[in-house]
Amino acid sequence: MKNALKSTTLGIQHLLAMYAGAILVPLIIGKSLGFDHKQLTYLVSIDILMCGVATLLQIMSNRIVGIGLPVVLGCTFTAVGPIMKIGEEFGISAIYGSIIASGLIIMLIAGFFGKLIKFFPPVVTGSVVTIIGITLIPVAINNMGGGQDAADFGSLSNIILAFGTLITIILIFRFSTGFIRAISILLGLGVGTIAASIMGKVDLMPVQDAAVAQMVRPFYFGYPTFEWSAILTMTIVGMVSLVESTGVYFALSDICDKKLKKEDLAKGYRAEGLASVIGGLFNAFPYTTFSQNVGLIQMSGVRSRKVILITGSMLIALGFLPKIAAITTIIPTSVLGGAMMAMFGMVVSQGIKMLSKTISDSQENSMIIACSVGLGLGVTVAPNLFSALPSGLQILTSNGIVAGSITAIALNIIFNMLPNRKRQETVVVSKQSA
């Protein structure tokens, strides 16, 4: 009984650590697509449920899927910008078509992704993550003002709530440690929403109107459609997520004293692809490993998959309780914007961190970063730059994230993978002098 209570407590702790990240993604995407409260409640519910399904797929290892480590999965923030862009260009049906198709592609390449990973060194993945983070910042700024086209955009109350939430998150992050620090975003959202309620800016009707329980169903928002540029975008996002997940797999294998084989990695990649396919079918999102939960495992010293099994099961249970999901939908846009600034800024920070060492490695890497980030941001600002090109080529050029990613991959091949005459001459001279 005592062990069961301890495991449950640890499971709840893991749930809270990832909950802010889990709910923020559907909230941001749903609001950008103009969802009403009922649609937004369902979107949050199904996302939470699918986080649990994706987590169970990874920890319950078999011959086909699952890394077999105590890993928690949630929707990747890397996908937020691309999903919003796809929704803007092609509509919601193309979002889920691209998620399903990219998930299938990830499943198909899982066995030999280890060989493809050489095309995604830190200079490439860091550039992609940085581009995605930078393109998300304007979304956060708009929400801090109350939301684009809002009647009270930029009002004093919205500015106070946005920066009050951001400052709360910063203070909690600065003056706390461990678990409290891990849930600083969640606590900041809570404080901001309470303040907004006192100011009369919170409507509780969505919570009152939400059903106590619900059944989930596939294609809730409609049947998927398939656009090549959208599929390519989400496949690149999926590959970047696999590179990030690989780091988490090895970190956990070290903590758990479990040596990973190629087959284990393939099963882990395949599980993430399968989670994306299921997510797309039920109108949720692509999933990846959450590194904050690795920190909790390290802090607690409890490496049991049983704890994560409890976390995954609780996430699935919460997905059937729309009233709990509805609570998250009453968060005012300006409060959400303050938290988004911190979250999206951390995406940029993560990209810069990945790039910091590669910049000092060589001037070639600096050129790769300069061109890919510059082109990615430029196409985002001026998406019609390449409108004169054939439609087939516009698949690669009309989306800033795709354009920047393709540029980073191509330049990395040119600078770092193709034979370099200058380097060969240097090697020859050094051998002769020896």
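For clarity, every value in this text was computed on a predicted model and none was experimentally measured.

## Thoughts on a nonpolar patch on the surface
Line of reasoning, step 1. A surface patch of nonpolar side chains, about 500 Å² in accessible area, is lined by Ile159, Phe163, Ile167, Leu171 and Phe175.
Line of reasoning, step 2. Checked against the element boundaries, Leu171 lands in helix α7 (residues 156-175).

## Considering the packing of aromatic side chains
Line of reasoning, step 1. Enumeration over the complete set of coordinates arrives at eight aromatic pairs.
Line of reasoning, step 2. Measuring from ring centre to ring centre gives 4.9 Å for Phe219 and Tyr223, while their planes differ by 40°; the resulting arrangement is tilted.
Line of reasoning, step 3. Put simply, the rings of Phe35, Tyr42, Tyr220 and Phe221 touch in pairs and so form one group of aromatic residues.
Line of reasoning, step 4. Arg174 extends its terminal NZ or CZ atom over the ring of Phe175, reaching a point 4.8 Å from the ring centre.

## A word on the packing of helix α11 (residues 228-255) against helix α19 (residues 400-417)
Line of reasoning, step 1. It is at 10 Å that the axes of α11 and α19 come closest, and there the two elements cross at 55°. The orientation of α11 with respect to α19, classified from their angle, is oblique. Relative to α19, α11 is oriented so that their crossing is left-handed. Between α11 and α19, the contacting residues are Leu232, Thr233 and Ile236 on the first element and Val402, Ser405 and Ile406 on the second.

## Focus on the nonpolar core
Soluble globular proteins: nonpolar side chains tend toward being buried together.
Line of reasoning, step 1. Judged by nonpolar contacts, the single largest core of 121 residues is most densely connected at Phe77, Val80, Ile185, Phe285, Tyr287 and Phe344.
Line of reasoning, step 2. If you tally residues by element for this core, the top one is helix α2 (residues 37-59), at 13 residues.

## A few points about the pattern of salt bridges
Line of reasoning, step 1. In this structure the tally under the stated criterion is two salt bridges.
Line of reasoning, step 2. For Glu89, the salt bridge identified is with Lys85, shortest N-O distance 3.8 Å. Taken together, the residues Glu89 and Lys85, both in helix α3 (residues 80-90) and four residues apart, mark about one turn of the helix.
Line of reasoning, step 3. Looking at Glu89, the relative accessible area reads 36%, which means it is partly exposed.
Line of reasoning, step 4. Between Lys201 and Asp152 there is a salt bridge; the shortest N-O distance is 3.3 Å. Here Lys201, found in the loop between α9 (184-198) and α10 (205-209), pairs with Asp152, found in the loop between α6 (122-144) and α7; they are 49 residues apart in sequence, far enough to count as distant.
Line of reasoning, step 5. Residue Lys201 is classed as partly exposed on the basis of its relative accessible area of 28%.

## Some points on helix α15 (residues 322-329)
Line of reasoning, step 1. All of the buried residues in α15 are Pro322, Ala325, Ala326, Thr328 and Thr329. For α15, the arc enclosing every buried residue in end-on projection is 150°, short of the 170-degree limit, so these residues lie on one face.

## Re the environment of Ser276
Line of reasoning, step 1. The topology assignment puts Ser276 in helix α12 (residues 262-281).
Line of reasoning, step 2. Spatially, the C-alpha atoms of Ser276 and Thr125 are 20 Å apart, while their sequence positions differ by 151 residues.

Analysis parameters
- Residues numbered from 1 in each chain as written.
- Predicted model: local features only at pLDDT ≥ 70, side-chain atom pairs only at ≥ 80, totals over all residues.
- Heavy atoms only, no water.
- Patch = residues over 30% accessible without salt bridge, like charges linked within 9 Å, V, L, I, M, F, W, Y side chains within 5 Å.
- Areas by Shrake-Rupley, 256 points an atom, 1.4 Å probe, with all protein chains shown as cover.
- Salt bridge = Lys/Arg side-chain N within 4 Å of Asp/Glu carboxyl O.
- Helix = DSSP H or I, 4+ residues; strand = E, 2+ residues; numbered from the N terminus.
- Phe/Tyr/Trp six-rings, centres within 6.5 Å; stacked < 30°, edge-to-face > 60°.
- Lys NZ or Arg CZ within 6 Å of the ring centre and 35° of its normal.
- Axes fitted to C-alpha atoms, helices over the stretch in contact; angles between N-to-C directions.
- Parallel < 35°, antiparallel > 145°, perpendicular 65-115°, else oblique.
- Left-handed = near helix turned anticlockwise from the far one by under 90°.
- Contact = heavy atoms within 4.5 Å.
- Core = buried A, V, L, I, M, F, W, Y, C linked by side-chain atoms within 4.5 Å.
- Buried < 20%, exposed > 50% of the residue type's maximum accessible area, 1.4 Å probe, protein only.
- Arc of directions from axis to C-beta.

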